[in-house]
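Coordinate inspection notes
The lines below spell out each chain.
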Amino acid sequence: MPDPSPNLSPEPADILIDGARYAARPGEPLIAALNRAQVTVPQVCYHAQLGPIQTCDTCIVEVDGQLVRACGTPACAGMRVRTAVQAAQVAREEAFDRLLANHQLYCTVCDNNNGNCTVHNTTREMNVQHQYRPFQGKGLAVDASHPFYRYDPDQCILCGRCVEACQNLQVNETLSINWEAEQPRVLWDGGVPAGESSCVGCGHCVTVCPCNALMEKSMLGEAGFFTDQRGPLFGNAVAMVKNVEPSLGYGPIMNLSEIEAAGREGYIRRTKTVCTYCGVGCAFEVWTKDRHILKIEPTQGPANGVSTCIKGKFAWDHVSSPSRLTRPLIRENGAFREADWDEALALIARRLEALRAEHGPDALAFITSSKCTNEESFLMQKLARSVIGTNNVDNCSRYCQSPATMGLWRTVGYGGDSGSITDLERAGLVIGIGTNTAESHPVLATRVKRAQKLRGQKLIVADLREHEMARRADLFLRPNPGTDFVWLNAVSRYLLDQGLENRAFLDRWVSGLDAFRASLDAYTLEHAEVVTGLSGEILRRVAHEIAQADGVCIMWAMGVTQQMSGSETSTAISNLLLLTGNYMRPGAGSYPLRGHNNVQGASDMGSMPSHVTGYQRVDDPAVRAVYAAEWGVDLPTTAGLDNHQMIHAIHAGTLRGLYLKGEDISLVDANANYVDAALEKLEFLVVQEMFFSHTASFADVVLPASPSLEKDGTFTNTERRIQRLNQALPPLGDSRPDWQIIQGVANALGAGWSYAHPAEVMDEIARLTPLYAGVTYERLAGFASLQWPVQPDGTDTPLLFTDGFPFPDGRARLYPAEFIPRTEPPDAQYDLHLNNGRMLEHFHEGNMTFRTAGITAQVPGAFVEVSPDLACERGLTDGTLVRLVSRHGAVKLPALVTSRVQGRQLYVPMNSPNAAQAVNRLTGSHTDPSTHTPAYKDTAVRLEVIGGTGDTPPLPRQNFRYGTPTPQRGVEVERKWARPDYVFPGLGLGLLRGGSLNARADRVGAPPQSSRMNMPSKSGVADD
Ligand code: SF4
Ligand code: SF4
Ligand code: SF4
Ligand code: FES
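Now for a quick tour of the structure. Within every chain, residues take consecutive numbers counted from 1 along the sequence as written. Following the order in which they are written, the chains are lettered starting with A and the ligands numbered starting with 1. Totals for whole chains, interfaces and linings use every residue, but because this is a predicted model, local features are given only for residues with pLDDT of at least 70 and side-chain atom pairs only at 80 or more, for both listing and counting. The basis for every side-chain value is the complete set of heavy atoms in the structure, and neither hydrogens nor water enter the calculation.

For the protein chain, the count of helices and strands is 33 helices and 37 strands. What you see for the protein chain is a C-alpha radius of gyration of 30 Å, in line with the 31 Å of a compact globule of 1024 residues. Judged by the C-alpha coordinates and their principal axes, the protein chain covers about 90 × 70 × 65 Å. For every residue, the accessible area (1.4 Å probe, protein chains only) is compared with the maximum for its type, and the residue is labelled buried under 20%, exposed over 50%, or partly exposed between those bounds. Looking at the 1024 residues of the protein chain, the share that counts as buried comes to 65%. Put simply, of all contacts in the protein chain between residues at least 6 apart along the chain, 74% involve residues at least 24 apart. When the accessible surface of the protein chain is totalled, it reaches about 33600 Å², and 51% of it is carbon and sulfur. Averaging the coordinates of the 94 positive side-chain charges in the protein chain and doing the same for the 111 negative ones gives two points 3 Å apart. Only runs of H or I of at least four residues qualify as helices and only runs of E of at least two qualify as strands under DSSP, and these elements are numbered from the N terminus. Here the globule rule is a power law, 2.2 Å times the number of residues to the power 0.38, and the radius of gyration is based on C-alpha atoms. By definition, residues are in contact when any of their heavy atoms lie within 4.5 Å. Throughout, the Shrake-Rupley method with a 1.4 Å probe supplies accessible areas, and for residues the shown protein chains are the sole cover considered. Residues scored as charged are limited to Lys and Arg (positive) and Asp and Glu (negative), so that His and the chain ends carry no count. Charge positions are represented by NZ for Lys, CZ for Arg, CG for Asp and CD for Glu.

On to the sheet that holds strand β30 (residues 785–787), then. Here, strands pair whenever DSSP counts at least two bridges between them. Strand order across the open sheet formed by three strands is β28-β29-β30, with antiparallel pairing between neighbours. In this open sheet, the two strands that pair with only one neighbour each are β28 (713–716) and β30. Here the average twist between neighbouring strands, direction ignored, is 30°. Bridging between strand β29 (residues 721–725) and β30 involves three bridges; their strand directions are antiparallel. Opposite R721, over in β30, you have Q787 as the bridge partner. Here an axis means a line fitted to C-alpha atoms, over the contact stretch when the element is a helix, while the angle between two N-to-C directions is reported on a 0 to 180 degree scale. Strand contacts of helix α10 (residues 374–388): β28 and β29, with the helix running at about 95° to β28, the strand carrying the most contacts.

Nearness here has a simple test: a residue counts as near a molecule or strand if at least one of its heavy atoms is within 4 Å of that partner. With respect to spatial proximity, 14 residues lie near ligand 2, and among them C156, C159, G160, C162 and C209 are the closest. The nonpolar class holds Ala, Val, Leu, Ile, Met, Phe, Trp, Tyr, Cys and Pro. Asp, Glu, Lys and Arg form the charged class, and all remaining residues, Gly among them, are polar. Among the residues making up the shell around ligand 2, the classes are represented as 12 nonpolar, one polar and one charged.

With that settled, consider the nonpolar core. Buried residues of nine kinds, namely Ala, Val, Leu, Ile, Met, Phe, Trp, Tyr and Cys, make up a nonpolar core once their side-chain atoms join them within 4.5 Å. Ranked by size, the top nonpolar core spans 110 residues in total, and within it L383, I433, W487, Y583, Y659, L703 and F805 carry the most contacts. It is helix α16 (residues 484–497) that provides the largest number of residues to this core, a total of nine residues. Once you skip the residues sitting within four places of it in the chain, F805 turns out to touch V412, F505, W509, L578, Y583, M584, G810, R811 and A812. Among the nonpolar cores identified, the runner-up in size contains 91 residues, and C107, A165, C282 and V286 belong to it.

This next bit is on the site of ligand 3. Within the structure, ligand 3 sits among C275, Y277, C278, G281, C282, T308, C309, K311, G312, P442 and V443. Taken together, the elements giving at least two residues each to the shell around ligand 3 come down to α8 (310–314) and α14 (442–455). For the shell around ligand 3, the residue count by class is seven nonpolar, three polar and one charged.

Our next topic: the pairing of strand β37 (residues 939–947). One ladder, built from three bridges, connects strand β32 (residues 832–837) with β37; its direction is antiparallel. Directly across from H833, in β37, lies its bridge partner A940.

Turning next to helix α25 (residues 643–652). Every buried residue of α25 is accounted for by N643, H644, M646, I647, A649 and I650. Where α25 is buried, its residues contact β15 (364–367), β16 (393–394), β25 (657–661), α26 (665–668) and α27 (672–681). Pairs of N or O atoms are called polar contacts if they sit within 3.5 Å, as long as, within protein, a hydrogen donor faces a hydrogen acceptor (for residues adjacent in sequence, only side-chain-to-side-chain pairs). Its side-chain oxygen 3.1 Å from the backbone nitrogen of H644, D642 forms the N-cap of α25. Downstream of α25 by a residue or two, G653 has a phi angle that is positive, lying close to 85°.

What makes a salt bridge here is a side-chain nitrogen of Lys or Arg within 4 Å of a carboxyl oxygen of Asp or Glu, nothing more. Counting across every chain of the model gives 57 salt bridges. Between E94 and R133 there is a salt bridge, with the nearest N and O atoms lying 4.0 Å from each other. Here E94, found in helix α2 (residues 86–100), pairs with R133, found in the loop between α3 (118–125) and β6 (149–151); they are 39 residues apart in sequence, far enough to count as distant. The buried category is assigned to R133, whose relative accessible area is 1%. Across the salt bridge formed by R410 and E568, the nearest N and O atoms sit 3.2 Å from each other. Here E568 lies in helix α22 (residues 566–579) and R410 lies in helix α11 (residues 402–411), a separation of 158 residues in the sequence. Looking at E568, the relative accessible area reads 7%, which means it is buried. In the salt-bridge network here, residues are joined through shared partners; they are E173, K449, K453, E468 and R472.

To continue, consider the side chain of T923. Mapped onto the elements, T923 comes out in the loop between β36 (905–909) and β37. Here T923 is in contact with A670, N671, N836, H888, Y936 and T939, once residues within four sequence places are set aside.

Judged by pairing direction, the sheet is antiparallel, and its three strands sit side by side in the order β10-β11-β12 without closing on themselves. The open sheet is flanked by β10 (268–274) and β12 (292–297), the only strands paired with a single partner. Averaged over all pairs of adjacent strands, the angle between their axes in this sheet comes to 30°, without regard to strand direction. Alignment of strand β11 (residues 283–289) against β12, held across five bridges, turns out to be antiparallel. Paired with V286 across the two strands is I296, which belongs to β12.

Before going further, it helps to examine the packing of aromatic side chains. Pairing of aromatic rings covers Phe, Tyr and the six-membered ring of Trp, with a centre-to-centre limit of 6.5 Å; geometry is then stacked below 30 degrees between planes, edge-to-face above 60, and tilted otherwise. Enumeration over the complete set of coordinates arrives at 23 aromatic pairs. Ring centres of F366 and Y659 lie 5.9 Å apart, and the angle between their planes is 55°; on these two criteria the pair is classed as tilted. In this pair, F366 is assigned in strand β15 and Y659 in strand β25, connecting sequence segments 293 residues apart. Pair check on accessibility: F366 and Y659 agree, each one buried.

Put into structure tokens, the structure is as follows:
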């Protein structure tokens, strides 16, 4: 979770609270110390993950004789705090009364009355019986224009939490409050409807809103017993509450609403789960009512705190989509028919056994899914190895992450992030290479954006497209495609030439300097200028920024790995970090950002042709002996086929049967036409899926699987963090969790497995896998997590390298890597460079995200981004239909003219609901030679103009990319304090004149009696 004040003194100091002595961290908000001491003080606007906002004034206490806001006052040694003095109490009551004038308390008929409403709970805790300032509507319309949430100004207490979250946690900078207005409110992009603004739909604002002013639309009319009343009925219910309040007071009304809230517990389930989309690994509760998903509620996820992105917060309609597969399907006479499980499993067993008997076990192959749990990946490779007897098993890290793992194995021994997301926040300098982080790893990106905005962290981005992180970067490099290796090595050589390497670190921890130095001979700045197009001056600046930084983290992704040089460039990145001593310390290291939610775990679990669990080699007899003892069978001894080799082997006729789980291989593998042809050729194909994917259309048997919310298990995120997901819903129809299906297939083949729960699978994983040795479900209860390696006693490893590197001598290795140039540079026939990647709204090809209507409305399909220069040259405007033709295929797409791309470079997002438009119809089969990861980013095309503009623009105008953010420092509460009508609570009301904020409320109600006291300034700090 983000620590808003990471630079506090670690040494505690004593403070006095109501006469008793407590420990505080000097510099922390006093309210944090009060909370730790369990001294109850109201705090409506304070949120520990946002830090002090100071808008609500409900936390006023007396410090050394003067009234101050406890959230805005830093703790310091010896301070004397009194919370119960009458002056402070009166001030707090007055402050809260002002809030209530902005908020109608109709809790019993409110969808937010679920025990966690801050305004309700504060009313209760302060024992408020009457409002002195009656509620007054603001005369502003409800904004329901956003697909996923609505804003009700009449309920908004102007606490500014949403603004702070949007400006300084998510750092999308959409929200503000017009403090100077007669009637302030929350604004989107300075005053446009939310649904037409720059809002990225991350939901931070909704999550932190302390009342019902911002609500998920999925909650409205659904959460309460009586909340589906609308119009006059609703108005009558509210009026009834208001009518009894003067005579009875709020006590009985609060009691009634709490009884109603307690009743909701009978039908609202709150289940902790982990996001199914990207590798950040956001954890949250999902609130369900039957199969209706009321909301996603992030609170304390170890990787995300209250943060989410649009997908994790809102993209869950796939779970109960009518398109879900709910029955097994069997192909018969060229068409599919429904079958029951027994028939489907028996058929699979019969066909697999027959192929094995006739052609041997290596005629079969298995592909697991990085969307599935660790336990499911483990069972899939167990099925392949122990039941069938082949090492032909792989997962989709082959398509993206294997080169990064290779680069790290070569240099530092472990293929994982060397620290945590908190290290990225802490670094002095973050470098992003080939990563569109704000769209592919959105919550992780927020931490970098926040550190840059609030703490002055430096950010360098190297990429082809000017995406958000590039726009925010202190230095944005646009090297020629596929040349990152060259500039990285040139920077390394320059550092060595200038004596800027970290000599002490190299001497103590690193081998291979001489050979590495020799390998850099050719990489002068002049050479780099020619190859990369980056000036020597820029590269010198990069080198000096690295040398000067207090901790450097380098994060990279598919822009690096999906190149011919993917492994080599990943190696060069790690070499550069070693050279400058940026391992073995917090706030430094390598971050190969893992794409899918469990792509790290799928490989950890041995879904790889050359390794069993925990990266233990299959050709190591000692490893096989451990497995033989556990499983009672001998494992195959040599490495099997990877995904890429499997496709070639099908074409070659040596691979005849494939069992594929949750992988839409026909769209996500490169050279999709070649893959389609291979799938056509297979003698037997099993596809285990939630939806009838394009790949499923080639299957002989389709098995209906469950999404994450319907199963138990664990995911391992990009930080090597293992987290539990818990079953929130029963499987839809006859679908089953993947682990049950695999067990069914194994048992149909005679395996005799008897796992009753994934916890038993994890126990087996722990027995076989030193990296997971101490992982148990008990240690992962609730929001607990463990970062591997996990020792048998449960000790985990947030910082991966602390006392050396996992090589026999404990030393890391500088590895002389070799540049591999592009295979498909543009030429006369194919004159444009084609790039591709993810979009924020969709995950990968979009099989799940296209099921959520609000997402599809934002991004309905694929398109090709063209630069303004190219558009001008070819006469293209938004929507012009073009055909892209490569050496491997052709697709027809609408054009989108944008300066995100430059010159003769194009960009096609991966997501397409139409298989004929998949970008992989254009990519080729050439790969990084070390890992066989396709060089997706090394594709040349030509563009043919078809003409016309279609009915709808490729990207609707309400998409956030057309918005105009309004960056500011945060809530900017000083502007509230500067209002002529603002007075620090408790100071007497004779000072008020005109205005609206306090005066509007104060002139109506009879204020509580204020006592005489010292007069603080508007900021709450007392004048001398
Ligand atoms: S980007 Fe949108 S959803 Fe996210 S915090 Fe800002 S206004 Fe809210
Ligand atoms: S909408 Fe924003 S300012 Fe209004 S109550 Fe909610 S968090 Fe506070
Ligand atoms: S997609 Fe990634 S960043 Fe977004 S909520 Fe899920 S895990 Fe978090
Ligand atoms: S909690 Fe301190 S001003 Fe709101």
